[in-house]
Amino acid sequence: YNTSKCGQKGYNKEDAMYCWIRECGGDKPPNECFNATSSPMLCQHGANECLANRIEACSDYLLNGTDGTNFTICFEGMYGSSWLNTSTPIWNAASQCALLLNIAEDDLFKCTKTKGWK
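In this text the structure is predicted, and so the values were computed from the model without any measurement. (Residues numbered from 1 in each chain as written. Predicted model: local features only at pLDDT ≥ 70, side-chain atom pairs only at ≥ 80, totals over all residues. Heavy atoms only, no water.)

A. Geometry of the overall build of the chain. In terms of regular secondary structure, the chain is built from five helices and zero strands. Written out in order from the N terminus, the α and β elements of the chain read α-α-α-α-α. In the chain, buried positions account for 31% of the 118 residues. Counting only contacts in the chain whose residues sit at least 6 apart along the sequence, the fraction spanning at least 24 positions is 52%. Just so you have it, the chain exposes about 7,400 Å², and 50% of that area is on carbon and sulfur atoms. (Helix = DSSP H or I, 4+ residues; strand = E, 2+ residues; numbered from the N terminus. Buried < 20%, exposed > 50% of the residue type's maximum accessible area, 1.4 Å probe, protein only. Contact = heavy atoms within 4.5 Å. Areas by Shrake-Rupley, 256 points an atom, 1.4 Å probe, with all protein chains shown as cover.)

Structure, rendered in structure tokens:
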């Protein structure tokens, strides 16, 4: 996430990430530290990494324990370099893993497109 103090247009480990850790890592971080609207999340490897992270977060949200872990193992096991360039293989991998683990694909995709990190 970015904050007003640590904001960057793109991922910058030295300036943004370490600033965020200093600003938000204490016992009483400001609310903006975890507000995705005012402080959008930045992913080191771009928008497709954020998408994959949201899919995994939603699988954990929709499943519990071992099933969520098994989805992540399945999903990460399908990773390919094409994930960096287009979202299609990411959605395809999510569909295949959802089918294997009996997750309602519609629920997974709806969560990914709306909540993502809850």
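B. The arrangement of the packing of helix α2 (residues 47–62) against helix α3 (residues 66–77) in detail. Where α2 meets α3, the axes come as close as 8 Å, and the angle between the chain directions of the two elements is 155°. Relative to α3, the element α2 lies roughly antiparallel. Like other packed secondary-structure pairs, α2 and α3 cross with a definite hand, here right-handed. Where α2 approaches α3, its residues Ala52, Ile55, Glu56, Ser59 and Asp60 are matched on the opposing element by Gly68, Thr69, Phe71, Thr72, Phe75 and Glu76. Classifying every residue of the contact of α2 with α3 by side-chain character gives four nonpolar, four polar and three charged. (Axes fitted to C-alpha atoms, helices over the stretch in contact; angles between N-to-C directions. Parallel < 35°, antiparallel > 145°, perpendicular 65-115°, else oblique. Left-handed = near helix turned anticlockwise from the far one by under 90°. Nonpolar A, V, L, I, M, F, W, Y, C, P; charged D, E, K, R; others polar.)

C. Geometry of the nonpolar core. Membership of the largest hydrophobic core comes to 19 residues, with the highest contact counts inside it found for Ile55, Phe71, Phe75, Ile90, Ala94 and Leu108. Put simply, the parts of the chain that give this core at least two residues each are α2, α3, α4 (88–100) and α5 (105–114). Here the element with the most residues in this core is α4; it accounts for six residues. (Core = buried A, V, L, I, M, F, W, Y, C linked by side-chain atoms within 4.5 Å.)

D. Broad picture of the environment of Asn92. Turning to its location among the elements, Asn92 is positioned in helix α4. Along the backbone, Asn92 and Met78 are 14 residues apart, and their C-alpha atoms lie at a distance of 9.5 Å.

E. Focus on the packing of aromatic side chains. All chains considered together, the criterion is met by four aromatic pairs. Measuring from ring centre to ring centre gives 5.3 Å for Tyr79 and Trp83, while their planes differ by 75°; the resulting arrangement is edge-to-face. Overall, the relative accessible area of 6% leaves Trp83 in the buried class. Taken together, the aromatic side chains of Phe71, Phe75, Tyr79 and Trp83 make up a single cluster linked through ring pairs. (Phe/Tyr/Trp six-rings, centres within 6.5 Å; stacked < 30°, edge-to-face > 60°.)

F. Focus on the environment of Glu49. As for its placement among the helices and strands, Glu49 is situated in helix α2. Under the relative-accessibility criterion, Glu49 is labelled partly exposed at 25%. Beyond its immediate chain neighbours, meaning those up to four positions away, Glu49 contacts Cys43 and Gln44.

G. Looking closely at the packing of α4 against α5. Close contact between α4 and α5 brings their axes to 9 Å; oriented N to C, the two are set at 140°. As summarised for this structure, α4 and α5 are arranged oblique, according to the angle between their axes. Handedness of the α4/α5 crossing: right-handed. Between α4 and α5, the residues in contact are Trp91, Ala94, Ser95 and Ala98 and Glu105, Leu108, Phe109, Thr112 and Lys113, respectively.

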